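# Summary of the model geometry
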Amino acid sequence: CTPIMLRQVRDVCRIARFATRCDSVLVPEIVSTADAGAQYLGERPWLVKRRRSSGGLGVRRWRPTDAPLPRGSYLQREIAGASYGASYLSNGNDCRFLGLAEQLTQPAADGSAPFRYAGSIAAPTLTAEETKRFTMLGQGLVEE
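Since the structure is predicted, the reported quantities are computational estimates derived from the model, not experimental observations.

## Concerning the sheet that holds strand β2 (residues 46-50)
Here 4 strands make up an open sheet; going across it, the order is β1-β4-β2-β3 and the pairing antiparallel. In this open sheet, the two edge strands, each paired with only one partner strand, are β1 (30-32) and β3 (60-62). For this sheet, the mean angle separating the axes of adjacent strands, direction not counted, is 35°. Sheet topology places β2 next to β3; 3 bridges connect them, and they run antiparallel. By the bridge assignment for β3, V48 is matched with R60.

See the structure below:
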């Protein structure tokens, strides 16, 4: 994977725009720092996330009084329910969807990491239509 490819696959805003555009899977709304404005200061729940982070570290709930967003961060709409990660295997031309895993969280005891990653478990079996949608998403990302 070249450095350019790595930057592209780590660009959550780009991935979310693509997934929304191809209408294959639902993705929580994402707002980049540059886009954050008064329209996002309502009652809707948001999470602030750092672009260069993983494992749920640095993720916290965002409130309008927290504006402006920290540099290198973005907002993601908080949606109640299970969180899943999709896994793919690709050679740069073709893509194979391997499956979904439910992502578990375990908040840090001191409250410093309320969304800390704590492992994954197998997701429920997908229908043929759901599998097709995830396969289309992966192949579309490879082509993008």
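## Here we look at the pairing of strand β6 (residues 95-105)
Note on strand geometry: in a regular strand, side chains alternate between the two faces of the sheet. Note that strand β5 (residues 83-90) and β6 share 8 bridges and pair antiparallel. Bridging from a neighbouring strand, S83 pairs with Q103 of β6. Following β5, the chain reverses through 4 residues before pairing antiparallel with β6; G92 in that reversal takes a positive phi of roughly 95°. Direction of pairing for β6 relative to strand β7 (residues 117-122): antiparallel, over a ladder of 4 bridges. Across the sheet, the residue bridging to E102 is I121, located in β7.

## Structural notes on the nonpolar core
Counting residues in hydrophobic clusters, the biggest one holds 8 residues: F18, A19, V25, F97, L100, A123, F134 and L137. Elements with a contribution of two residues or more to this core: α2 (12-22), β6 and α3 (128-143). Excluding its chain neighbours within four sequence positions, the residues that come into contact with L100 are G85, A86, A122, A123, L126 and F134.

## Description of α3
Between the first and last C-alpha of α3 there are 22 Å, a value that for 16 residues agrees with the 22 Å anticipated at 1.5 Å per step. Every buried residue belonging to α3 is among F134, L137, G138, Q139 and G140, and all of these are buried. Of the surrounding secondary structure, the elements contacted by the buried residues of α3 are α2, β5 and β6.

## Notes on the packing of α2 against α3
Interhelical geometry of α2 versus α3 gives an angle of 125° and a closest axis separation of 11 Å. Considering the angle they form, α2 stands oblique to α3. Remark: the crossing between α2 and α3 carries right-handed chirality. Side by side, α2 and α3 meet where I15, F18, A19 and C22 of the first sit next to L137, G140 and L141 of the second.

## Digging into the confidence of the model for the chain
Residues with a pLDDT of 70 or more make up 90% of the chain, whose mean pLDDT is 83. Ranking the elements of the chain by mean pLDDT puts α2 last with 79 and β6 first with 94.

Basis of the calculations
- Residues numbered from 1 in each chain as written.
- Predicted model: local features only at pLDDT ≥ 70, side-chain atom pairs only at ≥ 80, totals over all residues.
- Heavy atoms only, no water.
- Pairing = 2+ DSSP bridges.
- Helix = DSSP H or I, 4+ residues; strand = E, 2+ residues; numbered from the N terminus.
- Axes fitted to C-alpha atoms, helices over the stretch in contact; angles between N-to-C directions.
- Core = buried A, V, L, I, M, F, W, Y, C linked by side-chain atoms within 4.5 Å.
- Buried < 20%, exposed > 50% of the residue type's maximum accessible area, 1.4 Å probe, protein only.
- Contact = heavy atoms within 4.5 Å.
- Expected span 1.5 Å × (residues − 1).
- Parallel < 35°, antiparallel > 145°, perpendicular 65-115°, else oblique.
- Left-handed = near helix turned anticlockwise from the far one by under 90°.
- pLDDT = per-residue confidence, 0-100.

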